[in-house]
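What follows is each chain in one-letter form.
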Amino acid sequence: MAIALPESLEKIGKKFDGAELTPQETVAELDKYIIRQNAAKKAVAVALRNRYRRQKLPQELADEIVPKNILMIGPTGVGKTEISRRLAKLTSSPFLKIEASKFTEVGYVGRDVESMIRDLVRISVDVVKQEQVVVIREKAERNVEEKIMDILLPPLRRQSPDHAQEEMERFKQTREKLRKQFKQGVLDERLIEIETREKMASPFEIFSNSGVEEIGIHIQEMIPGLMGGKSKKRKVKISEAREFLLEDEQQKLIDMDQVNRLAVERVEHSGIIFLDEVDKISGRETGHGPEVSREGVQRDLLPIIEGTTVNTRYGLIRTDHVLFIGAGAFNVAKPSDLIPELQGRFPIRVELTSLDKGDFIRILTEPENALIKQYVALMMTEGLRVEFSQDAIEEIAEIAEKVNESTENIGARRLHTVMEKVMEEISFSAPDMKKKKIKIDKKYVKKQLEDIVKDEDLSRFIL
């Protein structure tokens, strides 16, 4: 059902149409951050486009079209999580990453499967709230400015009948002078007295995640004074007061009922849940010991993935059109080890390939958030210009590949550990370095990593 939104929320709602990207455009966007894995990129791009197509259909038919959930199969560190996260970011979709191994059968220690929907709704509310903060920020800042002006120069109460006009003009001039100083930051250190509210954590929020965690929030809504909210007067600098008052003003201007409704709509129609470590809950039981039934966890997950209604503090949430992206290495267990009903709910299977030296070189240099670019930017904050030669980048990639082969293959994540060891001395000494330009070549990389790479036991421990 379409919801009538106020103008401020209409602007936010338009972001929901990020699914207008064609599959080719979506893949092109993902290519900026993820190397290779074209099959997975195409699968998520089509899933995204199908959501857009569904919105164009009559309501009766649109309700019948469910998302085609995707199962990504591949080793760790090859881009499974990053593809899903970037996809959600492209469309401002509510996104939650959670490990399937966190869930257990009801009655065992662990999380109830419905808690992931509650978490997703909370994330969605926070995102929509932040978006509306941007929309109303200008108005909130104007209101804060007026409040501070009223504190610095209270409005005229009594005016002499003979000099009313003259007093008002003098008042306006003084106020405008103060306003100009306020905007220039001249008054930032001046102390003023404002009223602030105490914030107290709810003592009830330590309950389990199976729905009881909502208790603290509900009580806080019913009896605000019970969980803090006492107001007291404080003397603070104007720069500090501006932040306190701005937060308070934003809370007043935001229509939380509308935010909650839009957040729920987003979850139901564009929510994405990335279910990692699916392979950890696949396979049959051994029958030894009191371990939690993996098949039982699968059966608990099944209704959520099939489509059910979950009760949350924001109302009932239907999961029929939430996109689930499952992922796992599947080294021991196979996708066919999942119960048939769950297999049927992941009709699209894509295999992600392991990464080699060539891929590592590209990961280090090509993406917009490439590791080399990150380290160069970090050192620039110290006034230190760092350059990497091509042979240094190749050596880092080769060492990462060798360590992955000789120890556990953790994919591109190995580059983080290798790069950190290469940059360790420079990062430590950067603030005190007199020489402000450093070139890292193959020789330097070898020197930093030689001992670790030679000693396999040490390599396992450090890299």
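Residues numbered from 1 in each chain as written. Predicted model: local features only at pLDDT ≥ 70, side-chain atom pairs only at ≥ 80, totals over all residues. Heavy atoms only, no water.

> Help me understand the overall build of the chain, please; the structure alone is not making it clear to me.
Across its full length, the chain carries 18 helices and eleven strands. Within the span of the chain, comprising 463 residues, buried residues form 43% of the whole. Counting contacts in the chain only where the partners sit at least 6 residues apart, residues at least 24 apart contribute 78% of the total. Counting every atom, the chain has about 25,500 Å² of accessible surface; 51% of that belongs to carbon and sulfur. (Helix = DSSP H or I, 4+ residues; strand = E, 2+ residues; numbered from the N terminus. Buried < 20%, exposed > 50% of the residue type's maximum accessible area, 1.4 Å probe, protein only. Contact = heavy atoms within 4.5 Å. Areas by Shrake-Rupley, 256 points an atom, 1.4 Å probe, with all protein chains shown as cover.)

> It is not clear to me how helix α11 (residues 294-306) should be interpreted in this structure. Could you clarify?
Since the α-helix packs 3.6 residues into each turn, any two residues three or four apart lie on the same face. Here α11 contains 13 residues, and its C-alpha end-to-end distance of 18 Å stays within 8% of the 18 Å for a straight helix at 1.5 Å per residue. Every buried residue belonging to α11 is among Gly 296, Val 297, Gln 298, Leu 301, Leu 302, Ile 304 and Ile 305, and all of these are buried. Of the surrounding secondary structure, the elements contacted by the buried residues of α11 are α6 (115-152), β5 (272-276), β6 (309-312), β8 (323-328) and α12 (340-344). Following α11 by one or two positions, Gly 307 adopts a phi angle in the positive range, close to 125 degrees. (Expected span 1.5 Å × (residues − 1).)

> Help me understand the side chain of Ser 124 in this model?
Looking at the element boundaries, Ser 124 is found in helix α6. According to the relative accessible area criterion, Ser 124 is buried, its value standing at 1%. Setting aside its immediate chain neighbours within four residues, Ser 124 contacts Pro 94, Ala 263, Arg 266 and Val 267.

> Would you explain the layout of surface pockets in this entry?
With a probe scaled to a water molecule rolled over the atoms, the places where space remains empty come into view. In this structure, the second largest pocket occupies an estimated 940 Å³ of space. Along the wall of the second largest pocket there are 40 residues; nearest its centre are Thr 76, Gly 77, Val 78, Gly 79 and Arg 413. If you list the elements that add at least two residues to the lining of the second largest pocket, you get α5 (80-91), β2 (95-99), α14 (371-380) and α16 (413-429). In terms of residues, the lining of the second largest pocket owes the most to one element, α5, which gives four residues. Residue composition of the lining of the second largest pocket, grouped by class: 16 nonpolar, twelve polar and twelve charged. (1 Å grid on protein atoms, 1.4 Å probe; cavity = no way out; pocket = protein on both sides within 12 Å on 5 of 7 lines; lining within 4 Å. Points joined across faces, edges and corners; volume = space filled by probe spheres on them. Nonpolar A, V, L, I, M, F, W, Y, C, P; charged D, E, K, R; others polar.)

> Even after reading the chapter, I still don't get the pairing of strand β7 (residues 315-318), so can you show me in this structure?
Along any regular strand, the residues point their side chains to alternate faces of the sheet. Note that β6 and β7 share four bridges and pair antiparallel. By the bridge assignment, Val 310 is partnered in β7 with Ile 317. (Pairing = 2+ DSSP bridges.)

> Please clarify how the sheet that holds strand β9 (residues 348-351) should be interpreted in this entry.
Spatial ordering of the open sheet is given by β2-β5-β8-β1-β9, a layout of five strands whose pairing is parallel. This sheet does not close on itself; its edge strands, each paired only once, are β2 and β9. Across the sheet, the mean angle separating the axes of adjacent strands is 20 degrees when strand polarity is ignored. Bridge count for β2 against β5 is five bridges, and the pairing is parallel. (Axes fitted to C-alpha atoms, helices over the stretch in contact; angles between N-to-C directions.)

> Hey, could you run me through the packing of aromatic side chains in this one?
Geometry of an aromatic ring pair is reported as the spacing of the ring centres plus the angle between the planes. A complete count under the given rule lists zero aromatic pairs for this structure. One Lys or Arg, Arg 86, reaches over the ring of Tyr 33 and ends 3.8 Å from the middle of that ring. (Phe/Tyr/Trp six-rings, centres within 6.5 Å; stacked < 30°, edge-to-face > 60°. Lys NZ or Arg CZ within 6 Å of the ring centre and 35° of its normal.)

> Got a minute to help me understand the packing of helix α15 (residues 390-406) against helix α17 (residues 442-454) in this structure?
When two helices pack together, their arrangement is captured by the angle between the axes and the distance separating the axes. Packing of α15 against α17 brings their axes to within 8 Å, and their N-to-C directions diverge by 20 degrees. With respect to α17, the axis of α15 lies roughly parallel. Here α15 and α17 pass one another in a crossing that is left-handed. Each of Asp 391, Ala 392, Glu 395, Ile 396 and Ile 399 in α15 lies in contact with α17, whose residues at this interface are Lys 442, Val 445, Lys 446, Leu 449 and Val 453. Looking at side-chain class alone, the contact of α15 with α17 contains six nonpolar, no polar and four charged residues. (Parallel < 35°, antiparallel > 145°, perpendicular 65-115°, else oblique. Left-handed = near helix turned anticlockwise from the far one by under 90°.)

> How do you make sense of the pattern of salt bridges when you look at a structure like this?
Note on pairing: side chains with opposite charge can pair once their charged atoms come close. Enumeration according to the criterion identifies 33 salt bridges in this entry. Measuring nitrogen to oxygen at the nearest pair gives 2.6 Å for the salt bridge that ties Glu 145 to Arg 179. With Glu 145 in helix α6 and Arg 179 in helix α7 (residues 164-184), the pair connects residues that are 34 residues apart, well separated along the chain. Taken as a pair, Glu 145 and Arg 179 share a single burial class, namely buried. (Salt bridge = Lys/Arg side-chain N within 4 Å of Asp/Glu carboxyl O.)

> Could you clarify how one ought to interpret the nonpolar core in this entry?
The tendency in soluble globular proteins is for nonpolar side chains to be buried as a group. Counting residues in each nonpolar core, the largest one holds 57 residues, and the members touching the most others are Met 116, Ile 148, Leu 275 and Leu 301. Ranked by residue count, the leading element in this core is α6, at 13 residues. The next biggest cluster of nonpolar side chains, apart from the first, holds 53 residues, and it includes Val 44, Ala 88, Phe 388 and Ile 426. (Core = buried A, V, L, I, M, F, W, Y, C linked by side-chain atoms within 4.5 Å.)

> Just to check I follow, could you spell out the pairing of β8 for this structure?
Among the six residues in β8, six count as buried, and that is most of the element. Burial along β8 is two-sided: Leu 323, Ile 325 and Ala 327 facing one way and Phe 324, Gly 326 and Gly 328 facing the other are all buried. As paired elements, strand β1 (residues 70-73) and β8 share four bridges and run parallel to each other. Directly across from Leu 71, in β8, lies its bridge partner Gly 326. As paired elements, β5 and β8 share four bridges and run parallel to each other. Bridge pairing in β8 places Phe 274 opposite Ile 325.

> Help me understand the confidence of the model for the chain, please; the structure alone is not making it clear to me.
A low pLDDT score tells you not to read the predicted coordinates there in detail. Of the residues in the chain, 82% have a pLDDT of 70 or more, and the chain-wide mean is 82. Every residue in residues 1-17 is under pLDDT 50, and counting partners more than four places away or in other chains gives 32 contacts. Low pLDDT, under 50, characterises residues 218-228; the stretch is placed with 14 contacts to residues that sit more than four places away or in other chains. (pLDDT = per-residue confidence, 0-100.)

> Which parts of the structure should I look at to understand the environment of Leu 245?
The residue Leu 245 is located in helix α9 (residues 238-253) in this model. Sequence separation between Leu 245 and Ala 140 is 105 residues, and the spatial gap between their C-alpha atoms is 8.9 Å.

> Even after reading the chapter, I still don't get the environment of Asp 391, so can you show me in this structure?
As for its position among the elements, Asp 391 is in helix α15. A C-alpha to C-alpha distance of 9.3 Å links Asp 391 and Ile 440, two positions 49 residues apart in sequence. Setting aside chain neighbours within four positions, we find Asp 391 in contact with Asp 441 and Lys 442. Within polar-contact distance, the side chain of Asp 391 engages the side chain of Ser 389 at 2.3 Å. (Polar contact = N/O pair within 3.5 Å; in protein donor to acceptor, adjacent residues only side chain to side chain.)

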